[in-house]
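Each chain, letter by letter, is given below.
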Amino acid sequence: MERQHKNSFIMQKIRICKSKSCLALLVAIFPASFLLAQTSTDDNSVIKISADAAQFRINDSLCLGEIYFAVARDRLNFIEQDKVLTAQYKFDVEVWHQKTQITSQSWTTTSTAASRDEIKASQFLFNVAKFQFKPGSYTIKAKTTDLNSQGHGEKSLPLTIRSFPADVLALSDIEMATNITRDSTQTVYTHNGYRVVPNPGRLYGDGLFMLRFYMELYNLDSSENATYSLQYRILDATGETVKNFQPRVKKTAATDIVEIGGINVVTLRTGVYTLQVNVVDNGSGQQAKQEQVFYIYRERDMLERKDIAFPAYSKNLLVKLYETYDEKKLDDEFSAATWIATPVEKEIYQSLDIQGKQQFMGQFWYSRDPDSTTVRNEYREDYLARAEYANANFGGLKVGCKSDRGRILLMYGIPSEIERFPSEQGLRSYQIWHYFEQEGGISFWFVDAHDWGDYNLVNSTARDELRDPEWQRWLTVQ
């Protein structure tokens, strides 16, 4: 624990907040698919951003808001410059209040590697942006752009700034971290003598067994012999306590105090949890509580498939929707979605009862939602609309969404252009679907090989898809 006087707290925050640049930090921890909630798309033009925010008191009417970002290093385009592989990317961060942009930050940074073997999916580049806020509701809009490839990604998250009156015991937000060390160097990662490397995805488990966090306590009674009590709890997705630590009584040496926490989470299974911190000022009798949601992922849990605690997201209204679905309706929807489901997700779904399937489907679409801060899940709506179209229009031997054209429509989206060639004497009908904005431009060739309207994929220029330079042989009626 580090004790600091109030003036020191305020001056450090203001100095850091006025910094013009943010540093990028490389850390290797998790598979990108879990920290960044990646979808199954291979579109290299999309760069997924993991983002989080926390607020800390400056004075009665002003707070420091910190915005944390993580970008998967292997999603950037590295090009050789002077015998060194270099990726150059840009961050733009905007702060909006209602419909007005009130401030922004923009910076460019680089990542280098001696060889491509050094660039791994488990590596992440971290950044921090800091702003001063008055109490109110804000929206943070972040964008990263790969300056080598022009690939980009965007993320939006809400930030509600609280007030911290001078005479009331209060706690800052809990900043989840990958690592915390003592460091007096003034950088964007510095908090009152500590270097705090953020964990924007709040994900722990394989590769990161210690739940580390930073927070601040304000307006404690600092009279002679004053003490305060501190207690940690960890709750599971149902609100049940799974770890309950004994309260610790500490001497109060200042009105404002830093608390550094570290909890071993090696025994927690895959699922969503809440860290709860309770503080009691033993002199004044005032109490305060702060909570933060975090996630545990372990590969062995996913393989075992049993006793997996699926997240019960308070903002995921789809969970409530699926509670009204019977098992057949759930199975039909997941069947349409299997083109984008991972092998592990398919295996898990088949092992669940109806209640488990209801929770699973809510989480399945939530993890693919491009903006989980809104009630609507635009990704799900668009996908299911395409599945409905496929079922209505791609007839033949299979259900429309299970046909070759249905699969391509669901995996790649609506084509930029479709060329249709009706059957002629001795030749079968066929179609060519073009996607001009994916992988630099790709195409798919479908032939009605049996004259039943069941068009089969016979050739493509997309990665990991069927490629047959002699596809035209399928046109000839035998």
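These numbers were taken from a predicted model, which means no experiment stands behind them.

A. Spatial organisation of the overall build of the protein. Within the protein, the regular secondary structure consists of nine helices and 26 strands. With 478 residues in all, the protein has 51% of them scored as buried. Long-range pairs, those at least 24 residues apart, make up 65% of the contacts in the protein between residues at least 6 apart in sequence. Carbon and sulfur atoms make up 49% of the accessible area of the protein, which totals about 22,700 Å².

B. How the structure looks around the environment of Thr-103. Note on placement: Thr-103 falls in strand β7 (residues 100–113). Looking at Thr-103, the relative accessible area reads 31%, which means it is partly exposed. Considered as a pair, Thr-103 and Val-93 are 10 residues apart in the sequence and their alpha carbons are 8.6 Å apart. Setting aside its immediate chain neighbours within four residues, Thr-103 contacts Val-93, Glu-94, Val-95 and Phe-131.

C. Looking closely at the sheet that holds strand β26 (residues 456–460). In spatial order, the strands read β23-β24-β25-β26; together these four strands make up an open sheet with antiparallel pairing. Two strands bound the open sheet, and with one partner strand each, they are β23 (417–421) and β26. Neighbour to neighbour, the strand axes of the sheet diverge by 20 degrees on average, direction disregarded. Examined bridge by bridge, strand β25 (residues 442–447) and β26 share four bridges and lie antiparallel to one another. Note that in β26 the partner of Val-447 across the bridge is Asn-456. On top of the sheet, helix α9 (residues 404–412) reaches β24 (430–435), β25 and β26; it is set at about 10 degrees to β24, its chief contact.

D. Focus on the packing of helix α8 (residues 378–393) against α9. Packing of α8 against α9 brings their axes to within 9 Å, and their N-to-C directions diverge by 165 degrees. By the criterion of interaxial angle, the relationship of α8 to α9 is roughly antiparallel. The way α8 lies across α9 gives a crossing that is right-handed. Seen from α8, the contacting residues are Tyr-383, Arg-386, Ala-387, Tyr-389, Ala-390 and Asn-393; seen from α9, they are Arg-405, Gly-406, Leu-409, Leu-410 and Met-411.

E. Focus on the pairing of strand β6 (residues 84–97). Taken together, the three bridges between strand β5 (residues 79–81) and β6 define a ladder with antiparallel strand orientation. In the strand pairing of β6, Ile-79 is matched with Thr-86. With antiparallel pairing between neighbouring strands as the criterion, β5 and β6 make up a hairpin whose turn holds two residues, including Asp-82 at a positive phi of roughly 55 degrees. When β6 meets β7, the two strands line up antiparallel, connected through 13 bridges. When the bridges of β7 are listed, Val-93 appears paired with Gln-105. For β6 and strand β9 (residues 136–146), the ladder comprises eight bridges, and the chain directions are antiparallel. Residue Phe-91 lies in a different strand from β9, and its bridge partner there is Thr-144.

F. Representation of the environment of Leu-125. In this structure, Leu-125 sits in strand β8 (residues 123–133). Look at Leu-125 and you get buried, because its relative accessible area is 4%.

G. Geometry of the nonpolar core. In this structure, Ile-67, Phe-69, Leu-76, Phe-133 and Ile-140 are the most contacted members of the largest nonpolar core, which totals 48 residues. Aside from chain neighbours lying at most four places away, what touches Phe-133 is Ser-61, Leu-62, Cys-63, Gly-65, Val-95, Tyr-138, Ile-140, Leu-159 and Ile-161.

H. Fine view of the side chain of Asp-183. Following the sequence through the fold, Asp-183 ends up in the loop between β12 (175–182) and β13 (190–191). Buried charge without a salt bridge: Asp-183, with Arg-195 as the nearest opposite-charge side chain at an N-O distance of 4.3 Å. Excluding residues within four positions of it along the chain, Asp-183 makes contact with Thr-190, Gly-193, Tyr-194 and Arg-195.

I. Looking closely at the pairing of strand β14 (residues 194–198). Taking burial as the measure, the five residues of β14 include four buried ones, the bulk of the element. As defined by bridge partners, β12 adjoins β14 across five bridges and the pair is classed as antiparallel. Within the sheet, the bridge partner assigned to Ile-180 lies in β14 and is Val-196. As defined by bridge partners, β13 adjoins β14 across two bridges and the pair is classed as antiparallel. Bridging across to β14, Thr-190 finds its partner in Arg-195. Hairpin connection from β13 to β14: two residues lie between these consecutive antiparallel strands, with Asn-192 at a positive phi of about 45 degrees.

How each quantity is defined
- Residues numbered from 1 in each chain as written.
- Predicted model: local features only at pLDDT ≥ 70, side-chain atom pairs only at ≥ 80, totals over all residues.
- Heavy atoms only, no water.
- Helix = DSSP H or I, 4+ residues; strand = E, 2+ residues; numbered from the N terminus.
- Buried < 20%, exposed > 50% of the residue type's maximum accessible area, 1.4 Å probe, protein only.
- Contact = heavy atoms within 4.5 Å.
- Areas by Shrake-Rupley, 256 points an atom, 1.4 Å probe, with all protein chains shown as cover.
- Pairing = 2+ DSSP bridges.
- Axes fitted to C-alpha atoms, helices over the stretch in contact; angles between N-to-C directions.
- Parallel < 35°, antiparallel > 145°, perpendicular 65-115°, else oblique.
- Left-handed = near helix turned anticlockwise from the far one by under 90°.
- Core = buried A, V, L, I, M, F, W, Y, C linked by side-chain atoms within 4.5 Å.
- Lys, Arg positive; Asp, Glu negative; His and termini not counted.
- Salt bridge = Lys/Arg side-chain N within 4 Å of Asp/Glu carboxyl O.

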